[in-house]
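Structure assessment
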Amino acid sequence: MLPSGDRPHSSRAVRRAALSVTAFAAAFAALTACSSSTGSATGTADGKAATGSASASAAPGKYRVLPEPCAAVTVSTLKSLVPAAKDYSGTAELTYDTDRRVGCGWTGKTSDGNRYLHVDFLRVVSYDNTVSDESQAVTDYDEKALAAGIETATSASATPSDSASASTSASSTPSASASDSASALAPRTLSGLGNSAYLDDVLKTQDSGVHRDITIVFRKSNVLVTVEYSQWSTDNSVVPAPQELQDGARKVAGELADQFAQ
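Here the structure is a predicted model, which means the values were calculated and not measured.

Reading the values: rules and limits
- Residues numbered from 1 in each chain as written.
- Predicted model: local features only at pLDDT ≥ 70, side-chain atom pairs only at ≥ 80, totals over all residues.
- Heavy atoms only, no water.
- Buried < 20%, exposed > 50% of the residue type's maximum accessible area, 1.4 Å probe, protein only.
- Helix = DSSP H or I, 4+ residues; strand = E, 2+ residues; numbered from the N terminus.
- Pairing = 2+ DSSP bridges.
- Salt bridge = Lys/Arg side-chain N within 4 Å of Asp/Glu carboxyl O.

**Points about the pairing of strand β6 (residues 209-220)**
- The element β6 is largely enclosed, with a buried count of 12 among its 12 residues.
- What you see with β6 is no split at all: Gly-209, His-211, Asp-213, Thr-215, Val-217 and Arg-219 on one side and Val-210, Arg-212, Ile-214, Ile-216, Phe-218 and Lys-220 on the other are buried throughout.
- Sheet topology places strand β5 (residues 196-206) next to β6; 11 bridges connect them, and they run antiparallel. Bridge assignment links Leu-203 to a residue of β6, and that residue is Arg-212.
- Between β5 and β6, which pair antiparallel and follow one another directly, the connecting turn spans two residues.
- For β6 and strand β7 (residues 223-233), the ladder comprises 11 bridges, and the chain directions are antiparallel. Note on β7: the bridge partner recorded for Arg-212 is Gln-231.
- Between the end of β6 and the start of β7, which pair antiparallel, lie two residues, with Ser-221 showing a positive phi angle near 55 degrees.

Shown next, in the form of structure tokens:
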């Protein structure tokens, strides 16, 4: 038994120890409750965010694969448009993702100069969960059309005054024949080809020669298709006729459009 003089000191030590244990237990309980509450709130927020993100995701594009470009144009068409080509199997364009982009080209010769045909397929993919692949393809097509000087439905609704000025300008042309000739060469939209299409005709004369480049771009859902058909010659006096080249480019574009299932 301890001496009577030490008992008060022992009681105080025991009380202090008990109080310390109680305080620690209370602090631990409070910390656990706080941690549990925080985890629950975070989980709920993440769950809502995940659900919101999933519901906001736009649908993927209709077309997930692309046609074989070097086999997309019939041999009979190739022989008529690029005669005397060394190889009608074509030269595939070098790309690093054939699920996204493919192309092929052919080169031939005529008595008036060299001919070159190139086709390109681009599957548009949107990296914005709120924008569908097809909507992105519409935007990309409109940008190409505007760069070629062609008014699209989007630009027309945004700038009605430009349409009015264009109409005024067209009505003030010197003669009907001049207007017809100009319209045949001017960049313009095409009907009956994909969801939307345009044609661009560019004639360039340089010291090295003269060449005419016909470009047709059309959109089929989430895919953009480009046809380039050109003729060039070192003789500046030989100007490539526009109608023959335009008709050839349109024939190729029609065959490419047939590659896509409805």
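Text resumes after the structure shown.
**Examining the pairing of β7**
- Taking burial as the measure, the 11 residues of β7 include nine buried ones, the bulk of the element.
- For strand β3 (residues 113-123) and β7, the ladder comprises 10 bridges, and the chain directions are antiparallel. By the bridge assignment, Asp-120 is partnered in β7 with Thr-226.

**A few points about the pattern of salt bridges**
- Tallied over the full model, the rule gives five salt bridges.
- When the shortest N-O distance is used, the salt bridge between Arg-101 and Asp-120 registers 3.0 Å. Note that Arg-101 is positioned in strand β2 (residues 101-110) and Asp-120 in strand β3, a separation of 19 residues in sequence.
- Note on Arg-101: relative accessible area 36%, which makes it partly exposed.
- Residue class for Asp-120 comes out buried when judged on its relative accessible area of 4%.
- Of the charged contacts, one joins Arg-212 and Asp-201 as a salt bridge, the two residues approaching to 2.7 Å between their closest N and O atoms. Residue Arg-212 is found in strand β6, and its partner Asp-201 is found in strand β5; the two are separated by 11 residues along the sequence.

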